Amino acid sequence: IISEIVTKENLESYVIGGFVRDIFLNRGSKDIDVVVIGSGIDLAQKVAAKAGNPKVSIFKNFGTAMLKFKDLEIEFVGARKESYNRDSRKPIVENGSLEDDQKRRDFTINALALSLHKDNFGELLDPFGGIDDLNSKIIKTPMDPMITFSDDPLRMMRAIRFATQLNFKISDVTFNAIKENKERIHIISKERIIEELNKIVMSAKPSIGFKLLEECGLLKIIFPEFQRLKGRETRNGISHKDNFYHTLEVLDQLVPYSDNLWLRWSALLHDIAKPNTKKFVKGIGWTFHAHNFVGEKMVPRIFKNMKLPLNEKMKFVQKMVLLHMRPIVLAQEEVTDSAVRRLLFDAGDDIDELMKLCEADITSKNEEKVKRFLD
Ligand code: ATP
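Residues numbered from 1 in each chain as written. Predicted model: local features only at pLDDT ≥ 70, side-chain atom pairs only at ≥ 80, totals over all residues. Heavy atoms only, no water.

Draft legend 1. Highlighting the sheet that holds strand E2 (residues 31–36). Pairing is mixed across the open sheet formed by seven strands, whose spatial order is E3-E4-E5-E2-E1-E8-E9. Of all the strands in the sheet, the pair left with one neighbour each is strand E3 (56–59) and strand E9 (124–125). In the sheet, E3 pairs with strand E4 (residues 64–69) via four bridges, with the strands oriented antiparallel. Considered in E4, the bridge of isoleucine 58 is made with alanine 65. Contacts from helix H3 (residues 40–50) reach strand E1 (13–16), E2, E3, E4 and strand E5 (72–78), with the element oriented near 20 degrees to E4. (Pairing = 2+ DSSP bridges. Helix = DSSP H or I, 4+ residues; strand = E, 2+ residues; numbered from the N terminus. Contact = heavy atoms within 4.5 Å. Axes fitted to C-alpha atoms, helices over the stretch in contact; angles between N-to-C directions.)

In structure tokens, the structure reads:
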């Protein structure tokens with residue numbers, strides 16, 4: 001339908017961005033971005049009229065319009081050129097060409113466009129080498145990354161998020177620019193940052209993202225408590241383990257068992273109070289006495305600082321931290337069959353159910369001590 005309309009009206013129009021990238025990666029995608037040289041809102045209305053009049057949501061301030069068709073969400077936007085002020089990620093926008101629009105994209109792999117006009121239907125427009133970067137699994141910016149990241153520092157989080165989700169490498173020049181611009185993340189709202197961080201947490205191998213965040217210096221800014229887990233101290237020839245890498249191992253190992261975001265957060269936070277409780281006791285070595293109790297108390301502060309919801313999900317994480325992530329620890333250590341693995345599967349996304357199963361598991365093992373703290 002879109003192709004028919006743009007051909008009839010003789011408009012230049014393209015599918016652009018993530019949808020095109022995902023075609024080449026063989027990943028399914030339900031969000032389609034359509035760019036037109038002209039008005040995105042006009043085109044959306046014409047398409048809707050021909051597609052059985054689905055509701056068109058218009059965002060006048062952004063010059064965009066969105067409609068749902070079957071299970072697809074299609075967003076229409078006029079091609080545009082952007083320029084930025086230093087203290088905001090909100091651009092000054094003017095009409096532009098396709099190439100202007102591709103230049104404003106964050107990464108070369110997100111700047112691919114496929115023509116919708118019947119004269120050159122399906123022609124790929126790839127001025128920044130996005131296909132080469134897809135093939136070599138590289139994240140890099142179409143323009144100078146120092147400018148790209150300074151203009152919109154959220155792109156630094158997006159770079160690490162895509163590197164994690166796709167298991168791509170961030171090019172050296174691009175990664176160095178993240179290091180240089182890291183302090184600019186302060187102009188980004190916490191909600192935006194956590195959205196990207198949660199996508200990293202939910203990916204198939206979250207440790208990739210956290211290691212990159214640590215290496216570039218962003219972790220220290222956005223999640224200082226987690227940064228503090230890194231490192232090993234040695235005294236009298238005795239070292240403790242590096243709790244940063246240990247936590248990431250636990251988190252990665254949880255992935256096949258559960259895609260519950262809050263369970264993954266519990267894994268992330270299960271040793272969070274170790275730096276606060278660390279002591280070296282002569283004759284014993286390193287101790288982290290009662291770190292789970294302290295951890296439980298830290299959860300609300302961390303959630304508040306990161307603008308995570310302070311609701312029953314947070315309470316769930318608190319309990320899991322208090323229990324020292326018992327199911328996960330068991331899942332990774334000895335239990336290969338067993339109740340615990342089933343527990344994680346059975347509960348799925350239902351936190352109440354998971355909590356019940358978790359308590360039942362503890363009761364069945366008759367651990368009165370732990371149970372007391374649950375009450
Ligand atoms: P996903 O759906 O997995 O989040 P996506 O690439 O579709 O991936 P969106 O956030 O939906 O991500 O963005 C759609 C497209 O818009 C991107 O592919 C990119 O071209 C562009 N884009 C999104 N956010 C930015 C940004 N902050 N800076 C520049 N371009 C962006």
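Draft legend 2. Geometry of the pattern of salt bridges. This model, assessed by the stated rule, comprises 22 salt bridges. Across the pair arginine 21 and aspartate 22 runs a salt bridge, and its minimum N-O distance is 3.0 Å. Arginine 21 sits in the buried class, given a relative accessible area of 7%. Here lysine 313 ties to glutamate 312 by a salt bridge, and the two come within 3.6 Å at their closest N and O atoms. Each of Arg80, Glu82, Asp101, Arg104 and Arg105 takes part in salt bridges that share partners, so that together they form one network. (Salt bridge = Lys/Arg side-chain N within 4 Å of Asp/Glu carboxyl O. Buried < 20%, exposed > 50% of the residue type's maximum accessible area, 1.4 Å probe, protein only.)

Draft legend 3. A look at helix H17 (residues 312–322). Within H17, burial applies to Met314, Phe316, Val317, Gln318, Met320, Val321 and Leu322. Looking one or two places after H17, you find histidine 324, whose phi comes out positive at around 55 degrees.

Draft legend 4. Broad picture of the nonpolar core. Core analysis: the largest hydrophobic core is formed by 83 residues, its most contacted members being Leu197, Phe210, Leu213, Phe223, Phe226, Trp265 and Leu269. Once residues within four sequence positions are removed from consideration, leucine 213 is found in contact with Met157, Ile160, Leu197, Ile200, Leu218, Leu219 and Ile222. Grouped together as the second largest cluster of nonpolar side chains are seven residues, Ile16, Val35, Val77 and Ala113 included. (Core = buried A, V, L, I, M, F, W, Y, C linked by side-chain atoms within 4.5 Å.)

Draft legend 5. Geometry of the site of the ligand. Taken together, the neighbourhood of the ligand is formed by 15 residues, with Arg21, Arg105, Asn110, Asp152 and Arg155 sitting nearest. Taking glycine 18, its main chain carries an N or O atom lying 3.0 Å from an oxygen atom of the ligand. Aspartate 106 places a main-chain nitrogen or oxygen 3.2 Å from a nitrogen atom of the ligand. Bound to the protein, the ligand loses 76% of the 590 Å² it would expose on its own. (Near = heavy atom within 4 Å. Polar contact = N/O pair within 3.5 Å; in protein donor to acceptor, adjacent residues only side chain to side chain. Areas by Shrake-Rupley, 256 points an atom, 1.4 Å probe, with all protein chains shown as cover.)

Draft legend 6. Geometry of the side chain of serine 266. With respect to the helices and strands, serine 266 occurs in helix H14 (residues 261–269). A distance of 2.7 Å separates a polar atom in the side chain of serine 266 from the backbone oxygen of tryptophan 262.

Draft legend 7. How the structure looks around the pairing of E2. Alignment of E1 against E2, held across four bridges, turns out to be antiparallel. Paired with valine 15 across the bridge in E2 is valine 34. Relative to E5, E2 is paired through six bridges, and the arrangement is parallel. Bridging from a neighbouring strand, aspartate 31 pairs with glutamate 73 of E5.

Draft legend 8. Expanded view of the packing of helix H13 (residues 243–254) against H14. The interhelical angle for the contact between H13 and H14, taken along N-to-C directions, is 160 degrees, at an axis separation of 8 Å. The orientation of H13 with respect to H14, classified from their angle, is roughly antiparallel. Note on packing geometry: the crossing formed by H13 with H14 is right-handed. For the pair formed by H13 and H14, the contact residues are Thr247, Val250, Leu251 and Leu254 on the first element and Leu263, Arg264, Ala267 and Leu268 on the second. Residue composition of the contact of H13 with H14, by class: six nonpolar, one polar and one charged. (Parallel < 35°, antiparallel > 145°, perpendicular 65-115°, else oblique. Left-handed = near helix turned anticlockwise from the far one by under 90°. Nonpolar A, V, L, I, M, F, W, Y, C, P; charged D, E, K, R; others polar.)

Draft legend 9. Quick peek at the packing of helix H16 (residues 291–306) against H17. In contact at an axis separation of 8 Å, H16 and H17 are set at 155 degrees when each is read in the N-to-C sense. Relative to H17, the element H16 lies roughly antiparallel. When you trace H16 past H17, the crossing you get is right-handed. When H16 is examined against H17, the residues Asn292, Phe293, Gly295, Glu296, Val299, Pro300 and Phe303 are found in contact with a partner set consisting of Met314, Val317, Gln318, Val321 and Leu322. By residue class, the composition of the contact of H16 with H17 is eight nonpolar, three polar and one charged.

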